[in-house]
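Below are the chains, spelled out letter by letter.
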Amino acid sequence: IIFMVLPILLVVVAFLPQTLALQRRAVLTRALATGSLFSGASQAHAGGAAREALRAAAAERRLVEEQARLPRSQLVACRQQLEGVGPFLESQEWYLVRNNLPINKVRGLLKQVDITGDIEALKREYFANLKVIDEFAYNEQMSPRLLRGCIGPCLNSDQLGEPRAALKLAEASLDAILAQCK
């Protein structure tokens, strides 16, 4: 059957217009895949074990997706995003520093998550430290490197001390908040 169907498909594909090259490739791929399926047992008839494995994998994927939607999981993702700010700070990419600070997202998530203690002081400390980093990056953005005569990063390591310290404190306060979340 394969040897009868494949030449017919090849003749049909040869007469298709040139603009349908991708469709021809898809037809050929399907024809070859169909031929290989006829030579052995198809996946649909492979048995219950394969189906059960697929169902288990799908259920596991759904469970992981549901876990990722939980507010605590999203707070953990914000913590990882905050870790990513450090390299941008060191390379003095101020727009990336400001874009990657999880300010509003954390504020919204803290309203949704179940908390076991009082975190008001930790929240104030977290947002105050992010404000220090954001204001530092904003001030650096407003005085461009070229106007200062710099081609690469302008600030030395000592001048980055304040935002580095604020970033470490923000990470520590977010870790303390995560420790009190359910």
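Please refer to the structure higher up on the page.
Thresholds applied
Every chain is numbered on its own, with residues counted from 1 as its sequence reads. pLDDT decides what is reported in this predicted model: residues at 70 or higher carry local features, side-chain atom pairs at 80 or more are listed and counted, and totals for whole chains, interfaces and linings draw on all residues regardless. The side-chain values count all of the structure's non-hydrogen atoms but skip hydrogen atoms and water molecules. Helix and strand definitions here come from DSSP, where helices need a minimum of 4 consecutive H or I residues and strands a minimum of 2 consecutive E residues; each element is numbered from the N-terminal end. Helix span is expected to be 1.5 Å times the residue number reduced by one. Here the term buried applies to any residue with accessible area under 20% of the maximum for its type, exposed to any over 50%, and partly exposed to those in between, with areas from a 1.4 Å probe on protein chains only. Here, the arc refers to the directions that run from the helix axis to the C-beta atoms. Only heavy atoms enter the contact rule, under which two residues are in contact if any of them lie within 4.5 Å. Salt bridge criterion: a side-chain nitrogen from Lys or Arg within 4 Å of a carboxyl oxygen from Asp or Glu. A pair of aromatic rings is counted whenever rings of Phe, Tyr or Trp (Trp by its six-membered ring) have centres within 6.5 Å, and the orientation is called stacked for planes under 30 degrees apart, edge-to-face for over 60 and tilted otherwise. Sitting over a ring, as applied to charges here, requires NZ of Lys or CZ of Arg to be within 6 Å of the ring centre and within 35 degrees of the ring normal.

Enquirer: Tell me about helix H4 (residues 71-83), and please be specific about residues and values.
Expert: For H4, spanning 13 residues, the distance from its first C-alpha to its last is 19 Å, which sits close to the expected 18 Å at 1.5 Å a residue. Those residues of H4 that sit buried are Pro-71, Leu-75, Cys-78, Arg-79 and Leu-82. Axial view of H4: buried residues confined to an arc of 105°, hence all on one face.

Enquirer: Lay out unusual backbone geometry in plain terms, naming residues and giving numbers.
Expert: Unusually for a residue other than glycine, Gln-92 sits at a positive phi of about 60°. Mapped onto the elements, Gln-92 comes out in the loop between helix H5 (85-90) and helix H6 (94-99).

Enquirer: Hey, could you go over helix H10 (residues 161-179) for me, with residue numbers and the actual values?
Expert: Helix length check: H10, at 19 residues, gives a terminal C-alpha distance of 27 Å against a target of 27 Å (1.5 Å per residue), a fit within 8%. Contacts from the buried residues of H10 go to H4, H5, helix H7 (104-112) and helix H8 (120-142).

Enquirer: An account of the pattern of salt bridges is requested, with residue identities and associated values reported.
Expert: On inspection of all chains with the given rule, the structure shows eight salt bridges. Between Arg-55 and Glu-52 there is a salt bridge; the shortest N-O distance is 2.8 Å. Residue Arg-55 and its partner Glu-52 are both found in helix H3 (residues 48-69); the two are separated by three residues, about one turn of the helix. Judged by its relative accessible area of 47%, Glu-52 falls in the partly exposed class.

Enquirer: How would you sum up the environment of Asn-99? Please name residues and give values.
Expert: Counting through the fold element by element, Asn-99 comes out in helix H6. The spatial distance from the C-alpha of Asn-99 to the C-alpha of Asp-134 is 9.3 Å, given a sequence separation of 35 residues.

Enquirer: Pulling in residues and values, what's your account of the packing of aromatic side chains?
Expert: Under the criterion given, the structure shown has two aromatic pairs. Residues Trp-94 and Phe-136 carry aromatic rings whose centres are separated by 5.7 Å and whose planes lie at 70° to one another, so their mutual orientation is edge-to-face. Here Trp-94, found in helix H6, pairs with Phe-136, found in helix H8; they are 42 residues apart in sequence, far enough to count as distant. With a relative accessible area of 5%, Trp-94 lands in the buried category. Judged by centre distance (5.1 Å) and plane angle (70°), the rings of Tyr-126 and Phe-127 are edge-to-face. According to the relative accessible area criterion, Tyr-126 is buried, its value standing at 0%. Classification of Phe-127 by relative accessible area gives buried; the value is 17%. In this arrangement the basic side chain of Arg-107 is found over the ring face of Phe-127, its NZ or CZ atom lying 4.4 Å from the centre.

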